[in-house]
Amino acid sequence: MTTTSASAAHRATVYGYPRQGPNRELKKAVEGYWRGRVDAATLRETAAGLRREVWRQLADAGLHEVPTGDFSYYDHVLDTSVMVGAVPDRHRAAVAADALDGYFAMARGTQDSAPLEMTKWFDTNYHYLVPELGPDTVFAADSTKQVAEASEAMALGLAARPVLLGPVSYLLLAKPAPDVAADFAPLTLLDRLLPVYAEVLADLRAAGARWVQLDEPALVQDRTPAELNAAARAYRDLGALTDRPRLLVASYFDRLGEALPVLAAAPVEGLALDFTGPAAANLAGLAAVGGLLGKRLVAGVVDGRNVWINDLEKSLATLGTLLGLADRVDVAASCSLLHVPLDATAERDIDPQVARWLAFARQKVDEVVTLARALAHGTEAVAPQLAANRAGLASRAGSALTRDPAVRARTAAVTDADARRGQPYAERAAAQRAHLRLPLLPTTTIGSFPQTSELRAARADLRAGRVDAAAYEARVEAEIRAVIDFQERAGLDVLVHGEPERNDMVQYFAEQLSGYLATQHGWVQSYGTRYVRPPVLAGDVARPGPMTVRWTRYAQARTERPVKGMLTGPVTMLAWSFVRDDQPLAETARQVALALRDEVGDLEAAGTSVIQVDEPALRETLPLRAADRAAYLAWATEAFRLATSGVRPKTQVHTHMCYAEFGDILSAIDALDADVISLEAARSHMRVADELAAAGYPREVGPGVYDIHSPRVPEVAEVVGLLRAGLVAVPADRLWVNPDCGLKTRGWPETRRSLEHLVAAAREVRAELPGAAARP
Ligand code: GLN
Ligand code: ZN
């Protein structure tokens, strides 16, 4: 392993690469396989070809070690479940009959077996399949995939480093299987899992792997002493194995904190640490443990999850400090490059002056290689790269796009009062009551109505120039008329225009705000074969003109009932985009908030008396470490209030959030100061209503009574039951009746019937209320 050549003294590597292929070949092959149009052999060949292409490209770019095993047909956590034999009972037969079909059955479910649950991978927008474990779980090693992929890379003459999800993170990411007690802790299975990892490690060594990477990102979250002990035990045991490759334990997405001394003391040969963003604290952490003498340090200095060029000189300074703290320092991106698009040079529509600020996966690999070269041979060896980098950074810092004096003056002038409604809630509520004259238990929806294939086709026609803007807008207007007519007939109280003009709730606004860039090929895996193209927040944000007023006004002109204006909130506008790294997030959020504030004002001036600002991402952007949460929630809630607090007392501000876990942000929900909040609740049987009530939430609440994630139509009696449960927690004059979330993914037939049932249920429960007659 030790080599004398200076060039190899500091190596360059990455932990993973986008799996999709340059033209999303993997998505097409997998979906073709599902539809029976591509056979298994062709799918396997396509996948193997894509892997080969990536490894060759990485090696040609100058990486010394290529990652293997990071490839996946669907998800690497599911691959890990297969590797350790953790197949849920309900999928065993399918897996036994055909490994590939069984794999997809776990991922997507079948007619009679539910898929594994999907959830967010830390604070990224990637989703993994949650392992289901229980006291009876029997693990069994299956190293087939890992060994095969490492062997493929080695057959190309490359140094392959298999990358595995580590045993501690695997267990910490798992949940109790459906038939297991909810308080079962998967980490108690560690002693059973370690021998399986030992077997896989031995197989990889036999296949020729010199190093294996074990990813332990779960250790960057706050961990209990028992969990830290488990990590210590895991790596003591794995380290003590004799028949194994060298072990590199990797962490990313944040600082290791109290887990750093644990891993530093473990008998493994290397650690890979993140040094970007909040994880820069790992530098002090390393110094505090006296460095990693005797170990290899892989330094993640290139941000693996954002799209900006690295500040190479700053990274070199970090690497210089690290040289004094480890025996050998290698250079890497901070995490797998899975979270960024493939290649910035493919973006032909972005102004070349701006495109040079961008680094996607391919450019990040070059940055890593440049840094490793500079470390090995001195900065003279990479002088042209450093000069180009300096010029790119200077162009970004001095650009009119990133510094709009009008925007800057406005954010600087924001006062605390700008982010507060002028009147206490009780006064606003009375004014709204008098103005809106809604019944008790008012019914509404969350905004979108079914996005039909005709609507999508109309948008595609517009993009392709097959129809002009006028024809497209006529199509959207026709849809709005249909949506309004239906809601009037169904008897809903607060109507929506249905959002037919929106492709996506973030992209629609990003396209209309200056400071945002759209990419043409910037696809990033969200889950399985689903890829999204997040917009890029590149510059100072301003609103050149109204974005939604036209459609809301059109809808309002067609009905006497109030039509809700519908906007995406500042936190969500950041969360589902690539954000600037050259200013604090709080500053970017403030800019977006002020743009939205103007839109809110225009909606109000156009006669809109109910305005909803959605923040489904408020919870999911919560920092991984509890210590960072208060600061985040402070700017996040301030941005929401800044967007919404400019309205008159009688204008009712709504917000909406999906996802069920609100317990830890109840005070932030309160701090939004929205007059009405709608939340997902149908599946948890209104638990969130209880939680809000217990926390003394003082304003109006619409816990969802119709689970929109399934085509199932809820019965009237079922909705009545949920409303009665809601009324136990929330008084009748503060309870709203609405679905869990928007209806864009639903079809019209079930949407119609479900909303009719929802209205019937509201009427039934309303009639039972003592105060029912008191309101018109
Ligand atoms: N208003 C949006 C809709 O109805 C909200 C979507 C969401 O919460 N994710 O589609
Ligand atoms: Zn939602």
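The structure displayed is predicted, hence computed values, not measured ones.

Cut-offs and rules
- Here, residues in each chain are numbered from 1, in the same order as that chain's written sequence.
- Chain letters start at A and ligand numbers start at 1, both assigned in the order the entries are written.
- With the structure being a predicted model, the display of local features is reserved for residues of pLDDT at least 70 and the display and counting of side-chain atom pairs for 80 or more, all residues being used for whole-chain, interface and lining totals.
- Here the side-chain values reflect all heavy atoms present in the structure, with hydrogen atoms and water set aside.
- For Na, K and Ca the donor cut-off is 3.2 Å, while for other metals it is 2.8 Å, and in both cases only N, O and S atoms qualify; water is not among them, so sites may look incomplete.
- A four-donor site is classed as tetrahedral when every donor-metal-donor angle falls between 85 and 135 degrees; four donors are called square planar, and six octahedral, when trans pairs exceed 155 degrees and all remaining angles lie between 65 and 115, with any other arrangement labelled irregular.
- Helical segments are the DSSP runs of H or I of at least four residues, strand segments are the runs of E of at least two, and each set is numbered from the N terminus.
- For every residue, the accessible area obtained with a 1.4 Å probe (protein chains only) is divided by the maximum for its type, and the residue is called buried under 20%, exposed over 50%, and partly exposed between those limits.
- Multiplying one less than the number of residues by 1.5 Å gives the expected span of a helix.
- Any two residues having at least one pair of non-hydrogen atoms within 4.5 Å are treated as being in contact.
- Throughout, near means a residue has at least one heavy atom within 4 Å of the molecule or strand.
- Residues adjacent in sequence count toward polar contacts only when both atoms are side-chain atoms; beyond that, a polar contact is any pair of N or O atoms within 3.5 Å, and within protein one must be able to donate a hydrogen and the other to accept it.
- The Shrake-Rupley method, run with a 1.4 Å probe, gives the accessible areas here. Residue values count only the displayed protein chains as cover.
- Ten residue types, Ala, Val, Leu, Ile, Met, Phe, Trp, Tyr, Cys and Pro, are classed as nonpolar, four, Asp, Glu, Lys and Arg, as charged, and the remainder, Gly among them, as polar.
- Note on pairing: two strands pair once DSSP finds at least 2 bridges between them.
- Angles shown run from 0 to 180 degrees and are taken between the N-to-C directions of axes, each axis being a line fitted to C-alpha atoms and, for helices, limited to the stretch in contact.
- UniProt positions are given in the numbering used here, feature names are shortened, and annotations may be inferred rather than shown by experiment.
- The rule for a salt bridge is simple: a side-chain nitrogen of Lys or Arg has to be within 4 Å of a carboxyl oxygen of Asp or Glu.

A. Spotlight on the coordination of the zinc ion (ligand 2). On the protein side, the zinc ion (ligand 2) has His656 (NE2), Cys658 (SG) and Cys741 (SG) as donor atoms, found 2.0 to 2.2 Å from it. Its 4 donor atoms give the zinc ion (ligand 2) angles of 88 to 123° at the centre, a pattern that matches the tetrahedral case. Taken in chain order, the donor set of the zinc ion (ligand 2) reads H-x1-C-x82-C. Separated by 85 residues along the polypeptide, His656 in strand β19 (residues 652-657) and Cys741 in the loop between α27 (716-729) and α28 (748-768) bring together distant segments of the chain. Taken individually, His656 and Cys741 each receive the classification buried, so the pair is uniform in this respect.

B. View of α27. For α27, spanning 14 residues, the distance from its first C-alpha to its last is 20 Å, which sits close to the expected 20 Å at 1.5 Å a residue. Residues Val719, Val720, Leu722, Leu723, Gly726 and Ala729 constitute the buried set of α27. Where the residues of α27 are buried, they touch α26 (687-694) and α28.

C. Inspection of unusual backbone geometry at higher detail. Residues other than glycine seldom take positive phi values, yet Arg437 does so here, at roughly 50°. When you line up the elements, Arg437 lands in the loop between α17 (425-436) and α18 (453-464). A positive phi is found at His685, a non-glycine position, where the angle reads about 50°. Assessed through its relative accessible area of 48%, His685 is described here as partly exposed.

D. Region of interest: the site of ligand 1. Around ligand 1, a shell composed of Ile446, Gly447, Ser448, Glu499, Met505, Asp614, Pro616, His656, Cys658, Cys741, Gly742 and Lys744 is seen. Ser448 is positioned such that a nitrogen or oxygen atom in its side chain is 2.7 Å from an oxygen atom of ligand 1. When ligand 1 sits alone it has 290 Å² of accessible area, and the protein chains cover 94% of it. When its residues are assigned to classes, the shell around ligand 1 shows 5 nonpolar, 4 polar and 3 charged.

E. Broad picture of the sheet that holds β19. If you trace the 5 strands from one edge of the open sheet to the other, you get β17-β18-β19-β20-β21, paired in parallel fashion. The sheet is open, and its two edges are formed by β17 (564-568) and β21 (700-703), each paired on a single side. Along the sheet, successive strands turn relative to each other by an average axial angle of 20°, direction set aside. The pairing of β19 with strand β20 (residues 676-679) spans 4 bridges and is parallel. Residue pairing for β20: His656 is matched across the bridge by Ser678.

F. Spatial organisation of the UniProt feature "active site" (unreviewed entry) in the protein. Those residues carrying the UniProt feature "active site" (unreviewed entry) are His709 in this numbering. Relative to the helices and strands, His709 is located in the loop between β21 and α27. Not counting the four nearest positions on each side in its chain, His709 is found in contact with Glu680, Arg683 and Arg746.

G. Structural detail: the pattern of salt bridges. Counted by the stated rule, this structure contains 53 salt bridges. Between Arg255 and Asp254 there is a salt bridge, with the nearest N and O atoms lying 3.1 Å from each other. Taking the relative accessible area as the measure of exposure, Arg255 reaches 17% and is therefore buried. Classification of Asp254 by relative accessible area gives buried; the value is 3%. Linking Asp540 and Arg580 is a salt bridge whose minimum nitrogen-to-oxygen distance equals 2.7 Å. A residue pair is termed long-range when its members are at least 10 positions apart, and Asp540 in strand β16 (residues 536-542) and Arg580 in the loop between α22 (570-575) and α23 (585-605) qualify at 40 residues.

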